[in-house]
Amino acid sequence: MNQRDPLKRVLYIDLSRKSFWIDDRVDLFERWLGGIGVAVQLFKEEAPKNIEPLSPENPVIFSIGPLTSLYPLASKTVALFKSPLTGNLGESHAGGRSAIAIRLAGYGAIIIKGASQLPLYLVIKEGEVEFRDGSALWGISNANTVGRILREAAIGRGIRTIMRIGKAGEKLVSYAAVITETYRHFGRLGLGAVLGSKKVKGIIIYGKHSIPIQDKKKYREIYDRLYRLAVGSDAMKRYHDLGTAINILPLNYIGALPTRNLNSSRFEGAEEICGENIAEKKLARRVACAHCPIACIHIASIREPYPDEPYFYKTTFISYDHELLYSLGSMLGVKKIDDVLRLIDTVEAMGLDAISTGVCLAWATEAYKRGIITINETLVELDWGNIDNYIQVIKYIVEQPNDFYGMLARGTREASKHYGGQEFALNFGGNEMPGYHTGYGAIIGYSIGSRHSHLDCAGYRVDQTIKEPPSPEEFVELLIKEEEWRQILNSLTICLFARSIYNVENIIEALKPLGYNYTEEELKKTGEEIYFEKQKLKLKLGFKPEELKIPSRVFETPTPHGLLKREYIEEALQHYIKLIEYKTLQ
Amino acid sequence: MYVSSHEVKRLAILDAERCVGCQLCMFACSRRFGDGGLAKSAILVRSVGGIERGLTVIVCRACLDPPCARVCPTDALKLRKHGGVFLDQTKCIGCRNCVEACDIGAVFWDYETNKPIICVHCGYCSQFCHYKVLGVEKTI
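Values in this document were obtained by computation on a predicted structure and should not be read as measured data. (Residues numbered from 1 in each chain as written. Chains lettered and ligands numbered in written order. Predicted model: local features only at pLDDT ≥ 70, side-chain atom pairs only at ≥ 80, totals over all residues. Heavy atoms only, no water.)

Here we come to the overall build of chain A. Of regular secondary structure, chain A possesses 25 helices and 18 strands. For a compact globule of 586 residues, the expected C-alpha radius of gyration is about 25 Å, and chain A comes in at 22 Å, within 12% of that figure. C-alpha extents for chain A along the principal axes are approximately 65 × 60 × 50 Å. In chain A, buried positions account for 66% of the 586 residues. (Helix = DSSP H or I, 4+ residues; strand = E, 2+ residues; numbered from the N terminus. Rg over C-alpha atoms; globule rule 2.2 N^0.38 Å. Buried < 20%, exposed > 50% of the residue type's maximum accessible area, 1.4 Å probe, protein only.)

Pasting the structure below:
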């Protein structure tokens, strides 16, 4: 790498001592590129033994990669921490301006450790960290309000990131999110609760650095090529036109859209809550992450009248995506666009992960209808599509007025362990299910993926492209291969939507002017190594692959590949365990 | 690739409402000098009080009687034919008067050289504006 690139600088922030320092970690960035590759190594250093997710010892690591801010579509920040939801490694990625801000403040990674006694927010600039009193922000009921206050509190309009937690993070809900630039999130696995446990209400990062380029001519050439590819590609056009919400109708058509806690894989309200219909009736604006021309962020507006006065309205702007329309729409039997958007808005205001929240509500609804839990626990009646009560329940999850909500705030795995209904508690490794019931690839992927997310290895995509599934062993190997390659994308913090543009050849070319000379083989090898480093770390943090449980509901509701067989998936998991044990012992 | 400044063209905001906030224009502006980042950018895209309220694009509008030039104590800002200014780096003493004088906020600051960043209306940024927010127009 270019030795003058500030990427190698790691900012350490100790909240307990209110101190910070900067280390040159060229060793890590040379070897592991950046992003997830470097974050795994930093996490190993910071947490040499097993730690509790909500203890001061849990480090939060933000990292970005060499392409960030130099090329388009590489504007993701990786966050690594121990997850209060799964009790294991937590990894979450967000876009917005976060990655660019970190890069141009002159850092490749930021580590936040310790905990503050009093609420605070951090203002991070080049060579400077301010620990500002956040007492006045603590307890504000709407996370959007916190964003508005922080916007006025610091410099750097347009080129800073403002990360913040909502009340869910303060109240340590295991799936609390971190919101950045209003519409982007470190959504999954509970980073919001980890920051809440450290009493960090917000993080503002600002920077305007130059990044020195080794081969300036070549850099501009490659840049222009990637830019043309990005704005000219069909794949990218899809994300720009309708966004990820484009998936609702086709998934429903093939019978892969989880509906009413996966009692069905088709939703009769799909035509209403699909991307096409929302775009036609509600789409107000499309916006982009910094340094990405695609603009996949779709923002709808809803106008609601106040009941107490005629002609008195409030207009709210709400961003939507496939996963939200699934988890807070089909999964809950919510059929009206405005209703889904209102639920999304509530989740945003509280600062929760939308997928986990929706799946928790879905589990609770089914448990309630089956009489496993009663109104004594839920305090309000639960029924599919009853959104006024769902909004109340979301607030209860945050406030936790009784033991039941205290449990529901820890996710479906913990709640069902306590109350029953594990067979329909749709989580994998403790993380709630994403919106694809496409077949074996999806289920195996959720189970063996490092984050227990559909994004780890995209099994749901494989399901949609193959006619017949291969053998369980082959399927596992195929998915691991994909996850290995994605470690490269996630170390260069390339948006996964741009994976077809950043193929091996283009990545190698893009790295060259920055002083990296990789062959295809070396790059793939590095991906493989990062994958196994991460798997090893998971095992060290207590991950027991042999204890992975698949909720039986998965086998009761048909997929486009028919009803799934438990034996097939068990064979696949056995093979995965064998491979992991073999590799991690090496 | 550049439009020569002698052709007297002006960077124009064709329709700020179309802006998606991707900021590729800002990166392009800095990239003119070969390096990455935003230290040299003479254009800024920011939200108007949160992304939900929309975006605004701040860039020099090539004033015919530019206040930035009027307050320059060393004549480092020279009038450009048909609007706007050029910066003579050798004369600039980094006093920031020009920054204060521009009500649009379109004189940016280069913290690395401690000099203002002045838009030269080359139009390079507009080549990366996929949404036709920016364009180049003739001043005559």
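From N to C terminus, chain B includes 3 helices and 9 strands. For chain B, the N- to C-terminal ordering of α and β elements is β-α-β-β-β-α-β-β-α-β-β-β. Against the compact-globule benchmark of 14 Å for 140 residues, chain B has a radius of gyration of 15 Å, which places it among compact chains. If you line up chain B on its principal axes, its C-alpha atoms span 40 × 35 × 30 Å. By the burial criterion, 56% of the 140 residues in chain B qualify as buried. The long-range fraction of contacts in chain B, counting pairs at least 24 apart against all pairs at least 6 apart in sequence, stands at 55%. (Contact = heavy atoms within 4.5 Å.)

Across the contact, 39 residues belong to chain B and 39 residues belong to chain A. Summing both sides of the interface, chain B and chain A together bury roughly 3,300 Å²; the carbon and sulfur share of this comes to 53%. Contact with chain A buries surface across chain B, with B:Arg31, B:Ile51 and B:Glu52 losing the most and accounting together for 19% of the total. There are 3 salt bridges connecting chain B and chain A. In this structure, B:Glu52 engages A:Arg148 in a salt bridge whose closest nitrogen and oxygen atoms are separated by 3.8 Å. If you list the elements that add at least two residues to the side of chain B that touches chain A, you get α1 (24-31), β2 (36-37), β3 (43-47) and β7 (108-110) of chain B. (Buried area = accessible area lost by both parts, 1.4 Å probe. Salt bridge = Lys/Arg side-chain N within 4 Å of Asp/Glu carboxyl O.)

Below, the discussion takes up the sheet that holds strand β9 (residues 160-165) of chain A. All names here are of chain A. An order of β8-β7-β12-β9-β10-β11 is seen for the 6 strands of this open sheet, with the pairing classed as mixed. The sheet is open, and its two edges are formed by β8 (128-133) and β11 (184-186), each paired on a single side. In this sheet, neighbouring strand axes are inclined to one another by 20 degrees on average, regardless of whether the strands run parallel or antiparallel. Where β9 lies against strand β12 (residues 200-206), 5 bridges are found, and the strand directions are antiparallel. Across the sheet, Ile162 pairs through a bridge with Ile204, a residue of β12. In this fold helix α4 (residues 143-153) packs onto β7 (120-125), β8, β9, β10 (178-180) and β12, with an angle of close to 145 degrees to the strand it touches most, β9. (Pairing = 2+ DSSP bridges. Axes fitted to C-alpha atoms, helices over the stretch in contact; angles between N-to-C directions.)

Our focus in this paragraph is the domain arrangement of chain A. Residues and elements named next belong to chain A. The domains assigned to chain A are domain 1 (6-206), domain 2 (233-407) and domain 3 (431-585). Each of domain 1 and domain 2 has a C-alpha centre, and the two are 26 Å apart. Listed per partner, the contact involves 29 residues of domain 1 and 27 residues of domain 2. Carbon and sulfur atoms make up 57% of the surface buried where domain 1 meets domain 2, a total of about 2,300 Å² over both sides. Contact with domain 2 buries area across many residues of domain 1, yet Tyr175, Tyr183 and Arg184 alone supply 30% of it, more than any other trio. Our count for the domain 1 to domain 2 interface comes out at 4 salt bridges. Between Arg188 and Asp353 there is a salt bridge whose closest N-O contact spans 3.2 Å. Summed over the shared surface of domain 1 and domain 2, the result is 15 residue pairs in polar contact (both at pLDDT 80 or more). (Domains from an automatic or database assignment. Polar contact = N/O pair within 3.5 Å; in protein donor to acceptor, adjacent residues only side chain to side chain.)

So, on to the nonpolar core. Side chains of nonpolar character tend, in soluble globular proteins, to be buried together. Grouped together as the largest cluster of nonpolar side chains are 252 residues, with contacts concentrated most on A:Phe62, A:Tyr71 and A:Tyr502. Core analysis: the next-biggest nonpolar cluster, separate from the first, contains 9 residues, A:Val123, A:Leu137, A:Leu150 and A:Ala154 among them. (Core = buried A, V, L, I, M, F, W, Y, C linked by side-chain atoms within 4.5 Å.)

A word on the side chain of A:Asn247. All names here are of chain A. As for its placement among the helices and strands, Asn247 is situated in the loop between α8 (234-241) and α9 (248-254). You can call Asn247 buried: its relative accessible area is 10%. Here the side chain of Asn247 touches Arg238 through a polar contact of 3.2 Å, side chain to side chain. Those residues in contact with Asn247, other than ones at most four positions away along the chain, are Arg238, His322, Tyr436 and Arg461.

Before going further, it helps to spend a moment on the sheet that holds strand β15 (residues 297-305) of chain A. Residues and elements named next belong to chain A. With antiparallel pairing, the 3 strands of this open sheet are ordered in space as β14-β15-β16. The sheet is open, and its two borders are formed by β14 (283-287) and β16 (313-320), each paired with just one other strand. Between one strand axis and the next, the sheet turns through 25 degrees on average, direction left out of account. Contacting β15 and β16, helix α13 (residues 337-350) runs over the sheet at an angle of about 80 degrees to β16.

This part is about the packing of aromatic side chains. Here the structure, examined in full by the defined rule, presents 17 aromatic pairs over all chains. Taking 5.4 Å as the distance between ring centres and 5 degrees as the angle between the ring planes, the aromatic pair formed by A:Tyr12 and A:Trp21 counts as stacked. What makes A:Trp21 partly exposed here is its relative accessible area of 32%. These aromatic residues form a ring-pair network of at least three members: A:Tyr71, A:Tyr219, A:Tyr223, A:Tyr227, B:Tyr124 and B:Phe128. In this structure, A:Lys201 packs its charged tip against the face of A:Trp138, placed 5.9 Å from the ring centre. Just above the ring of B:Phe128 sits the side chain of B:Arg31; from NZ or CZ to the centre is 4.7 Å. (Phe/Tyr/Trp six-rings, centres within 6.5 Å; stacked < 30°, edge-to-face > 60°. Lys NZ or Arg CZ within 6 Å of the ring centre and 35° of its normal.)

Residues and elements named next belong to chain A. For α4, the set of buried residues is Ala143, Val146, Gly147, Leu150 and Arg151. Down the axis, α4 shows its buried residues gathered within 140 degrees of arc, on one side only. On its buried face, α4 is in contact with β7, β9, β10, β12 and α13. (Arc of directions from axis to C-beta.)

Next up on the list: the packing of helix α21 (residues 472-491) of chain A against helix α23 (residues 520-540) of chain A. Residues and elements named next belong to chain A. Interaxial distance between α21 and α23 falls to 8 Å at its minimum, and their mutual angle equals 100 degrees. Here α21 is positioned roughly perpendicular relative to α23, judged by the angle of their axes. Together, Ile480, Glu483, Glu484, Trp485, Gln487, Ile488 and Ser491 of α21 and Leu523, Lys524, Thr526, Gly527, Glu528, Ile530, Tyr531, Phe532 and Lys534 of α23 make up the contact between the two elements. Taken together, the residues of the contact of α21 with α23 sort by class into 7 nonpolar, 4 polar and 5 charged. (Parallel < 35°, antiparallel > 145°, perpendicular 65-115°, else oblique. Nonpolar A, V, L, I, M, F, W, Y, C, P; charged D, E, K, R; others polar.)

Another point: the pairing of β8(A). Two strands pair when backbone bridges link them, and β7(A) and β8(A) are joined in this way by 6 bridges, in the antiparallel orientation. Bridge pairing in β8(A) links A:Ile124 to A:Val129.

This part is about the pairing of strand β5 (residues 89-94) of chain A. Residues and elements named next belong to chain A. Counting buried positions over the 6 residues of β5 gives 6, a clear majority of the element. Burial along β5 is two-sided: Leu89, Glu91 and His93 facing one way and Gly90, Ser92 and Ala94 facing the other are all buried. Across 6 bridges, strand β4 (residues 77-82) lies against β5 in antiparallel orientation. In the sheet register, Val78 faces β5, and the bridge partner there is His93.

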